[in-house]
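So the chains spell out like this:
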Amino acid sequence: MLTEYTNQLLQSMQRVFGAQVQNTNKRYNFALGKGDEEVITTLQSFAKTVGELNSLHSVLANQMADSMVFPLIQFREKDLTGRTTHIHTYTQTHTMHEAAMVKYSRLPKKKENEKLKTDLVKEVAYTRRKQHQASLQYYCALNALQYRKRVAMLEPMLGYTQAQISFFKKGIELVSKKMDNFLSSVSNMTQSIQAQLDTEAEAMRASQRELLSVEDTVYMPDKDTEPVNRTLIQKAGYLNIRNKTGLVTTAWDRLYFFTQGGNLMCQPRGAVAGGMVLDLDNSSVMAVECEDRRYCFQITSPSGKTSMILQAESKKEYEEWICTVNNISRQIYLTDNPEAVAIRLNQSAIQAVTPITSFEKRQEGSPNPDSQAFKDLVPKTGAAPEPEDLIAPGTPIQFDIMLPASEFQDQNRAGGRRTNPFGETDDDYSLLQQVFAVRFLGSMAVRCGDNQEVIYEAMRQVLAARAIHNIFRTTESHLMVTSSSLRLIDPQTQVTRISFQLGEVCQFAAHQENGRLMGFLVEGRDWSDGDEEGEPSFSAFVFESNTEGEKICYTISLAKDITEAKKDPEALAELMKNMPLTNDGKFLLLEPETDDMTNGAGQEDLESEA
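Residues numbered from 1 in each chain as written. Predicted model: local features only at pLDDT ≥ 70, side-chain atom pairs only at ≥ 80, totals over all residues. Heavy atoms only, no water.

Caption draft 1: Representation of the overall build of the protein in the model. Broken down by element type, the protein carries 13 helices and 14 strands. By the burial criterion, 42% of the 610 residues in the protein qualify as buried. Relative to all contacts within the protein whose residues are 6 or more apart in sequence, the contacts with residues 24 or more apart total 69%. As presented, the protein carries roughly 33700 Å² of accessible surface, and 50% of it is formed by carbon and sulfur atoms. (Helix = DSSP H or I, 4+ residues; strand = E, 2+ residues; numbered from the N terminus. Buried < 20%, exposed > 50% of the residue type's maximum accessible area, 1.4 Å probe, protein only. Contact = heavy atoms within 4.5 Å. Areas by Shrake-Rupley, 256 points an atom, 1.4 Å probe, with all protein chains shown as cover.)

Caption draft 2: Geometry of the pairing of strand E11 (residues 496-501). Counting buried positions along E11 yields five of six residues, so the element is predominantly enclosed. Two elements, strand E10 (residues 485-489) and E11, share five bridges in a ladder whose sense is antiparallel. Looking at the pairing, Arg 487 lines up with Ser 499 of E11. Connecting E10 to the antiparallel partner E11 that follows it, the hairpin turn spans six residues, and Gln 494 within it adopts a positive phi of roughly 60 degrees. (Pairing = 2+ DSSP bridges.)

Caption draft 3: How the structure looks around the packing of aromatic side chains. As enumerated under the stated definition, the model contains nine aromatic pairs in all. Ring geometry for Phe 520 and Phe 543: centres 5.6 Å apart, planes at 20 degrees, overall stacked. Here Phe 520, found in strand E13 (residues 517-526), pairs with Phe 543, found in strand E14 (residues 535-545); they are 23 residues apart in sequence, far enough to count as distant. Each of the two residues, Phe 520 as well as Phe 543, counts as buried. Following the ring pairs from residue to residue traces out a cluster consisting of Phe 440, Phe 500, Phe 520, Phe 541 and Phe 543. Its end group placed over the ring of Tyr 147, Arg 150 keeps NZ or CZ at 5.4 Å from the ring centre. The aromatic ring of Tyr 238 is capped on one face by Arg 254, whose charged end is 4.6 Å from the ring centroid. (Phe/Tyr/Trp six-rings, centres within 6.5 Å; stacked < 30°, edge-to-face > 60°. Lys NZ or Arg CZ within 6 Å of the ring centre and 35° of its normal.)

Caption draft 4: Just the sheet that holds E13, in detail. Taken in spatial order, the seven strands of this open sheet run E11-E10-E9-E8-E14-E13-E12, and their pairing is antiparallel. In this open sheet, the two edge strands, each paired with only one partner strand, are E11 and strand E12 (505-510). Each neighbouring strand pair of the sheet contributes to a mean axis angle of 30 degrees, computed without reference to strand direction. In terms of strand pairing, strand E9 (residues 476-482) meets E10 through four bridges, oriented antiparallel. Considered in E10, the bridge of Met 480 is made with Arg 487. Sheet strands in contact with helix H10 (residues 453-468) are strand E8 (433-446), E12, E13 and E14, and its direction is about 80 degrees off that of E8. (Axes fitted to C-alpha atoms, helices over the stretch in contact; angles between N-to-C directions.)

Caption draft 5: The arrangement of the sheet that holds strand E5 (residues 284-287) in detail. One open sheet accounts for seven strands, arranged E4-E3-E2-E1-E7-E6-E5; its pairing is antiparallel. At either margin of the open sheet sits one strand with a lone partner, and together these are strand E4 (275-279) and E5. Pairwise comparison of adjacent strand axes, ignoring direction, gives a mean angle of 40 degrees for this sheet.

Caption draft 6: A look at the confidence of the model for the protein. The predicted model of the protein has a mean per-residue pLDDT of 76, with 74% of residues at 70 or higher. Mean pLDDT across the elements of the protein ranges from a minimum in helix H13 (residues 595-599), with 38, to a maximum in strand E3 (residues 263-267), with 93. Across residues 352-382, confidence stays below pLDDT 50; counting only partners more than four residues off in sequence or on other chains, it has 52 contacts. Counted against residues more than four places away or in other chains, residues 403-429, with its pLDDT under 50, gives 61 contacts. (pLDDT = per-residue confidence, 0-100.)

Caption draft 7: Highlighting the environment of Val 16. Along the chain, Val 16 turns up in helix H1 (residues 2-19). Residue classification places Val 16 among the buried positions, given a relative accessible area of 2%. Along the backbone, Val 16 and Met 68 are 52 residues apart, and their C-alpha atoms lie at a distance of 9.9 Å.

Caption draft 8: Up close: the nonpolar core. Counting 27 residues, the largest nonpolar core has Leu 486, Phe 500, Met 518, Phe 520, Phe 541, Phe 543 and Ile 556 as its most contacted members. Elements with a contribution of two residues or more to this core: E8, E9, E10, E11, E12, E13, E14 and helix H11 (549-565). Of all the elements, H11 adds the most residues to this core, at six residues. Core analysis: the second largest hydrophobic core is formed by 26 residues, Leu 9, Met 13, Ala 163 and Met 179 among them. (Core = buried A, V, L, I, M, F, W, Y, C linked by side-chain atoms within 4.5 Å.)

Caption draft 9: Inspection of the pattern of salt bridges at higher detail. Following the criterion strictly, the structure yields 17 salt bridges and no others. A salt bridge links Glu 98 to Arg 269, with the nearest nitrogen and oxygen atoms 3.1 Å apart. In this pair, Glu 98 sits in helix H3 (residues 61-105) while Arg 269 sits in the loop between E3 and E4, placing the two residues 171 residues apart along the sequence. In this structure Glu 98 comes out as buried when scored by relative accessible area, which is 12%. Given a relative accessible area of 56%, Arg 269 falls into the exposed group. (Salt bridge = Lys/Arg side-chain N within 4 Å of Asp/Glu carboxyl O.)

Caption draft 10: Seen up close, the environment of Asn 327. Topologically, Asn 327 is positioned in helix H6 (residues 315-329). Under the relative-accessibility criterion, Asn 327 is labelled buried at 6%. Setting aside residues up to four positions removed in sequence, Asn 327 forms contacts with Arg 230, Thr 231, Leu 232, Ile 233 and Ile 332. There is a polar contact of 3.1 Å between the side chain of Asn 327 and the backbone oxygen of Arg 230. (Polar contact = N/O pair within 3.5 Å; in protein donor to acceptor, adjacent residues only side chain to side chain.)

Caption draft 11: Broad picture of helix H4 (residues 114-167). Between the first and last C-alpha of H4 there are 77 Å, a value that for 54 residues agrees with the 80 Å anticipated at 1.5 Å per step. Its axis deflected by about 25 degrees at Tyr 147, H4 carries its strongest bend there. (Expected span 1.5 Å × (residues − 1). Bend = angle between axes of the 7 residues up to and from the residue.)

Caption draft 12: Region of the structure containing the environment of Ala 152. With respect to the helices and strands, the residue Ala 152 is situated in helix H4. When the C-alpha positions of Ala 152 and Met 68 are compared, they lie 10.0 Å apart, and in sequence the two are 84 residues distant. The residues contacting Ala 152, other than those within four sequence positions of it, are Leu 72 and Phe 75.

Caption draft 13: Region of the structure containing unusual backbone geometry. Non-glycine residue Asn 282 carries a positive phi angle of around 60 degrees. Structurally, Asn 282 is set in the loop between E4 and E5. Overall, the relative accessible area of 53% leaves Asn 282 in the exposed class. Even without being glycine, Gln 494 reaches a positive phi, approximately 60 degrees.

Caption draft 14: Summary view of the pairing of strand E1 (residues 236-244). The pairing of E1 with strand E2 (residues 250-260) spans nine bridges and is classified as antiparallel. Looking at E2, one finds that Asn 240 is bridged to Arg 254. Here E1 folds back onto E2 in antiparallel fashion, the turn holding five residues. Examined bridge by bridge, E1 and strand E7 (residues 307-311) share two bridges and lie antiparallel to one another. Each bridged residue has a counterpart across the sheet, and for Asn 240 the counterpart in E7 is Gln 311.

Encoded structure:
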């Protein structure tokens, strides 16, 4: 806009110079910025003065050339053309930096070549410094242009007016004291602006020297010294996004992403504004391994139909992006004070537990939950137990069951035995058999097994640990409840991951607020002290189900009732009188039958005693 305005103004001045007579009634719209109010007022005053001077049509050509045309030509050739050079320099440095970042993003995660890594890091730092330097030069040029712009708009009009007044004898009435004062004030204004420019230019040069005096580590990627901020509810920055280019081929593009409310936005190169990429409300985010690239994470929509894989340039950015998306997915931004809510939730989670993702041996000196010394510490009143009385501080948490954990369960009890998909088992006859789809959330050792409060505390600590460490991935399994055992079965391979005898399950409960959460306590034996019988030990297992957790708890309770009733056939018959059975009379019917449930009904040669 400034260049177009200057060219049009110069053409008008050249016509005035050539013809020595020109009416300057033509107006151009040019938006002056904030701080130019004084210039705008002066230009408005000039408009009135020029309207009066237009009646005088003779102009001295030499004076107009020196005071009107030449300053405008000098401004166009020196200031406006010089800005193009700065733009070209900045574009070159930006292209060099983009090329260096592409090389650095492709740096392999495993078996890295240290010399190659060092060279790439130095190259990125060098290009960033050059880009920073070009940006500062361009910034200084633009600031200087703001001052020169004001002078360039006033000088041609000032020269034109002075030439008209000095040439026309007849216009002596117009050259009054008021006009002299006005022109003098305009001249003083241009000198004041030039002085401000000189002061600002010196301050910018000092600031530029200070900013460029920092160490190269400031420009190096993945050299962040500040801690990760886990309470962010908005974030912006460059990320690499993986795009499919064919059936099996992919490409990575480096784009600018930012969050706006509950949306993830992306602004492509050359775009004026960003567009929405994904709605983050109730979405999930997790770290992923992707094409031997570091710092990759995946964001998935609530429906699971839309997902994207992104790569951050440093570990700090990688963790902050995951935390930010996680905070937004909880819709914290909709609260009155979202920053305070995010900080409070993070502090509460940190105070709740410091988890470990694999089982560890019990620390030396930690009290045995069933030892007499520990029992003396537990209050014997009816007051609610403290969390420390239920679970020892610092107790490790296991987030997945790959193999049975020897710290809590006997290996022989949960070997990798394959379960018959038709419901046939090698156990004794089982009247009850019910399967639930669940997701294992975590398990941990607890201090007692006679209180449901310990299950609620274990749920709280497991969920807090997952939130702190951004562990959102869960594996779906099938929990089979029979009248003799509980089994966690892999739905794909039908291999039993872990199983418990029903008599070992001492407590079970569903979450009081979130009905899909349920857990149970298992009693085992600890022979680490050399006791032949072993000290009792307890473990809590927490699950999320697709149905209500109360249904699972009811089924476990029914299984325990059947187990007790089996000791007395008459009691078992009394128990089964009002219980609906399957069509073959072999299993309890807890839910409406389907073809799958009927096909897997159970053994063919055994009949129900009821």
